[in-house]
Amino acid sequence: AWDVYALLCAEVAACNFQAAAIHGRMLRQLLQPAGRTVLAERRLLMVALQQDIARACLSLTRPSFDLHRWEMENLPARITDDLTDADENPPSAFPFSDRLHPSISPSLCSIFIGIREWLDALGIIMLNRSLYNLTILINGAMKIMVLQGHLLNHYLDNMDEWNHLQSPAALAEAYMTLAAI
């Protein structure tokens, strides 16, 4: 898998996004084979996801990986799960809030809430550096990349809706999502 990852990196660096997409799909077959979970090195998972999300964002195409499956197989339910025991509630430099403006769609709200959860965990670490560990770093990096991939998919879904139905609401949502990417 590391060899395919190296090819993906080279193609992204060369802005050859078509070839990079092929290598991204190859990595998906290696890291997310149908019907089973692969226990791969965490660092490989992180860097493969990072390169594929970079490719997808630069080319405005969908990520190669199934992001929902990635979350279920490789990430805790909440990023703060890796910080402390469930009984503790440490303070955060960026206190968590799930209140968003009602005009934002539920699917976009869920992405923004995920970003706020990540910022909450970062804020907890900023106030208590003894909680910092490699697991937090890798899971935090993968979580923010998955959320970026969800933003990209949301943008592409809304652009598809705009192209088919000419919905002004879909176009506005697409532009708002693109600005967030």
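Attention here is on the structure that accompanies the text. (Residues numbered from 1 in each chain as written. Predicted model: local features only at pLDDT ≥ 70, side-chain atom pairs only at ≥ 80, totals over all residues. Heavy atoms only, no water.)

## Points about the overall build of the chain
Step number 1: Within the chain, the regular secondary structure consists of seven helices and zero strands.
Step number 2: Each helix and strand of the chain, placed in order from N terminus to C terminus, yields the pattern α-α-α-α-α-α-α.
Step number 3: Over its C-alpha atoms, taken along the principal directions, the chain stretches across nearly 45 × 45 × 30 Å.
Step number 4: Every one of the 181 residues in the chain was classed for burial, and the buried ones make up 44%.
Step number 5: Counting only contacts in the chain whose residues sit at least 6 apart along the sequence, the fraction spanning at least 24 positions is 70%.
Step number 6: Carbon and sulfur atoms make up 58% of the accessible area of the chain, which amounts to about 9900 Å² in all. (Helix = DSSP H or I, 4+ residues; strand = E, 2+ residues; numbered from the N terminus. Buried < 20%, exposed > 50% of the residue type's maximum accessible area, 1.4 Å probe, protein only. Contact = heavy atoms within 4.5 Å. Areas by Shrake-Rupley, 256 points an atom, 1.4 Å probe, with all protein chains shown as cover.)

## Points about the pattern of salt bridges
Step number 1: Under the definition given, this model contains six salt bridges.
Step number 2: D52 serves as the salt-bridge partner of R55, at 3.1 Å between the closest nitrogen and oxygen. Residue R55 and its partner D52 are located together in helix 3 (residues 42-59), separated by three residues, close to a single helical turn.
Step number 3: We note a salt bridge from E73 to R69, for which the minimum N-O separation is 2.6 Å. Residue E73 and its partner R69 are both found in helix 4 (residues 67-74); the two are separated by four residues, about one turn of the helix.
Step number 4: Residue classification places E73 among the partly exposed positions, given a relative accessible area of 26%.
Step number 5: Judged by relative accessible area, R69 falls into the buried class, the value being 14%.
Step number 6: Several salt bridges share partner residues, and in doing so they unite R62, D157 and D160 into one network. (Salt bridge = Lys/Arg side-chain N within 4 Å of Asp/Glu carboxyl O.)

## Side note on the nonpolar core
Step number 1: Ranked by size, the top nonpolar core spans 30 residues in total, and within it L27, L31, L49, F65, W70 and M142 carry the most contacts.
Step number 2: Where this core is concerned, the elements lending two or more residues are helix 1 (2-13), helix 2 (17-31), helix 3, helix 4, helix 6 (134-165) and helix 7 (168-180).
Step number 3: Here this core takes nine residues from helix 3, the largest share from any one element.
Step number 4: If sequence neighbours within four positions are ignored, L31 has contacts with V38, A40, L44, L45, A48 and F65.
Step number 5: Residues I104, C109, I111 and F112 belong to the second largest nonpolar core, which totals seven residues. (Core = buried A, V, L, I, M, F, W, Y, C linked by side-chain atoms within 4.5 Å.)

## Points about unusual backbone geometry
Step number 1: Its identity is not glycine, yet C15 carries a phi of approximately 60°, on the positive side.
Step number 2: Turning to its location among the elements, C15 is positioned in the loop between helix 1 and helix 2.
Step number 3: In this model, L60 sits at a positive phi of 50°, which is unusual for a non-glycine residue.
Step number 4: Within the element layout of this structure, L60 appears in the loop between helix 3 and helix 4.
Step number 5: L60 gets classed as partly exposed once you look at its relative accessible area, which sits at 36%.

## Looking at helix 2
Step number 1: For helix 2, spanning 15 residues, the distance from its first C-alpha to its last is 20 Å, which sits close to the expected 21 Å at 1.5 Å a residue.
Step number 2: Tucked into the core, helix 2 has its buried residues touching helix 1 and helix 3. (Expected span 1.5 Å × (residues − 1).)

## Remarks on the packing of helix 6 against helix 7
Between two packed helices, the angle of one axis relative to the other and the distance separating the axes together describe the packing.
Step number 1: One way to put it is that helix 6 packs onto helix 7 with a least axis distance of 8 Å and a crossing angle of 155°. In terms of orientation, helix 6 and helix 7 fall into the roughly antiparallel class. As for the relative orientation of helix 6 and helix 7, their crossing is left-handed in sense. Contact residues: helix 6 offers L151, H154, Y155, N158, M159, E161 and W162, while helix 7 offers P168, A170, L171, E173, A174, T177, L178 and A180.
Step number 2: Its residues placed into classes, the contact of helix 6 with helix 7 shows 10 nonpolar, three polar and two charged. (Axes fitted to C-alpha atoms, helices over the stretch in contact; angles between N-to-C directions. Parallel < 35°, antiparallel > 145°, perpendicular 65-115°, else oblique. Left-handed = near helix turned anticlockwise from the far one by under 90°. Nonpolar A, V, L, I, M, F, W, Y, C, P; charged D, E, K, R; others polar.)

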